[in-house]
Amino acid sequence: MLAAPRTRDSLPWMSPPHSTRLLRVLLIDDQPADRDLTEEAFRRHHSLAQLHVLPDPHDTLTWLREQAAQAALPDVILLDLNMPGCDGLTVLDTIRRDPTFHAVRIVVLAHSSEEEDVTAAYNLGATTYLVKPSSFSAFERQMRTLRDRLLDLIWPWGRIRRLKNALNQALTDNAALQAKLQRHTDRDERGRFKIGR
């Protein structure tokens, strides 16, 4: 990353319109450490996204029905698949059986990369299946990336910003290659000049 990067909040032309609502995200995860990392990833952008945490998956349907009654369903559910005392696939199936929640995207977070688990999740209606990395730093990076992708659902300028950054990096790399090529050309020219003399 660049030194002293400017945050999204410090770029006024990238600020979302005041009329734009927050991205609503529901996290269903019984692991405190994973919850903390996910919350941290969203905390920096609390003005853009609202994260609600349910540590007990048994509360899911009650909470979702309350939100539906207020026309405030989450845009995305982050669902931990491996929860003691409650199978994440059962929670996924229960959510998908209720037509009220069909439009809600569900991102499954799991430690397993077994094909049967992935297939089962997609068959039950998961939108995306992500394998949790084994290290905390990798999981934190994964959550930050996921957060940015989710923000793109509401504000496409997030994607535009990343494309602009990629373009700027490509231009910088191109300029560096041009300079290197010029140095080699100059050196070759000097060498030819000496031989010619």
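Above: the structure in question.
Everything in this summary refers to the structure shown in the same document.

Each value, and the rule that gives it
Residues numbered from 1 in each chain as written. Predicted model: local features only at pLDDT ≥ 70, side-chain atom pairs only at ≥ 80, totals over all residues. Heavy atoms only, no water. Helix = DSSP H or I, 4+ residues; strand = E, 2+ residues; numbered from the N terminus. Buried < 20%, exposed > 50% of the residue type's maximum accessible area, 1.4 Å probe, protein only. Contact = heavy atoms within 4.5 Å. Areas by Shrake-Rupley, 256 points an atom, 1.4 Å probe, with all protein chains shown as cover. Salt bridge = Lys/Arg side-chain N within 4 Å of Asp/Glu carboxyl O. 1 Å grid on protein atoms, 1.4 Å probe; cavity = no way out; pocket = protein on both sides within 12 Å on 5 of 7 lines; lining within 4 Å. Points joined across faces, edges and corners; volume = space filled by probe spheres on them. Nonpolar A, V, L, I, M, F, W, Y, C, P; charged D, E, K, R; others polar. Pairing = 2+ DSSP bridges. Axes fitted to C-alpha atoms, helices over the stretch in contact; angles between N-to-C directions.

1. Considerations on the overall build of the protein
Counting its regular elements, the protein contains six helices and seven strands. For the protein, the sequential pattern of α-helices and β-strands runs β-α-β-α-β-β-β-α-β-α-β-α-α. By residue count, 36% of the 197 residues in the protein fall in the buried class. Relative to all contacts within the protein whose residues are 6 or more apart in sequence, the contacts with residues 24 or more apart total 69%. Taken as a whole, the protein presents about 12200 Å² of accessible surface, with 55% of it coming from carbon and sulfur.

2. Details of the pattern of salt bridges
If you walk through the whole model with that rule in mind, you get four salt bridges. For the salt bridge of Asp98 with Arg65, the shortest nitrogen-to-oxygen distance reads 3.8 Å. Note that Asp98 is positioned in the loop between helix 3 (88-97) and strand 6 (105-110) and Arg65 in helix 2 (residues 60-69), a separation of 33 residues in sequence. Look at Asp98 and you get buried, because its relative accessible area is 15%. Because the salt bridges share partners, they merge into one network encompassing Asp29, Asp80 and Lys132.

3. Section: the layout of surface pockets
Its boundaries defined by the atoms lining it, the second largest pocket holds a volume of some 150 Å³. In terms of lining, the second largest pocket is formed by eleven residues, of which the most central are Val107, Thr128, Leu146, Arg149 and Leu150. Listing elements by their share of the lining of the second largest pocket, those giving two or more residues are strand 6, strand 7 (128-131) and helix 5 (136-154). If one sorts the elements of the lining of the second largest pocket by residue count, helix 5 sits on top with five residues. Of the residues that constitute the lining of the second largest pocket, the class distribution is six nonpolar, three polar and two charged.

4. Some thoughts on the sheet that holds strand 3 (residues 76-80)
Read from one edge of the open sheet, five strands run 2-1-3-6-7, paired in parallel fashion. The open sheet is flanked by strand 2 (49-54) and strand 7, the only strands paired with a single partner. Mean inter-strand twist for the sheet, computed between neighbouring axes without regard to direction, equals 20 degrees. Both strand 1 (residues 23-28) and strand 3 contribute to a ladder of four bridges, which runs parallel. Bridge pairing links Ile28 to Leu79 in strand 3. Relative to strand 2, helix 1 (residues 32-43) is tilted by about 165 degrees, and along the sheet it contacts strand 1, strand 2 and strand 3.

So far we have only geometry, and geometry alone does not tell us how the molecule works.
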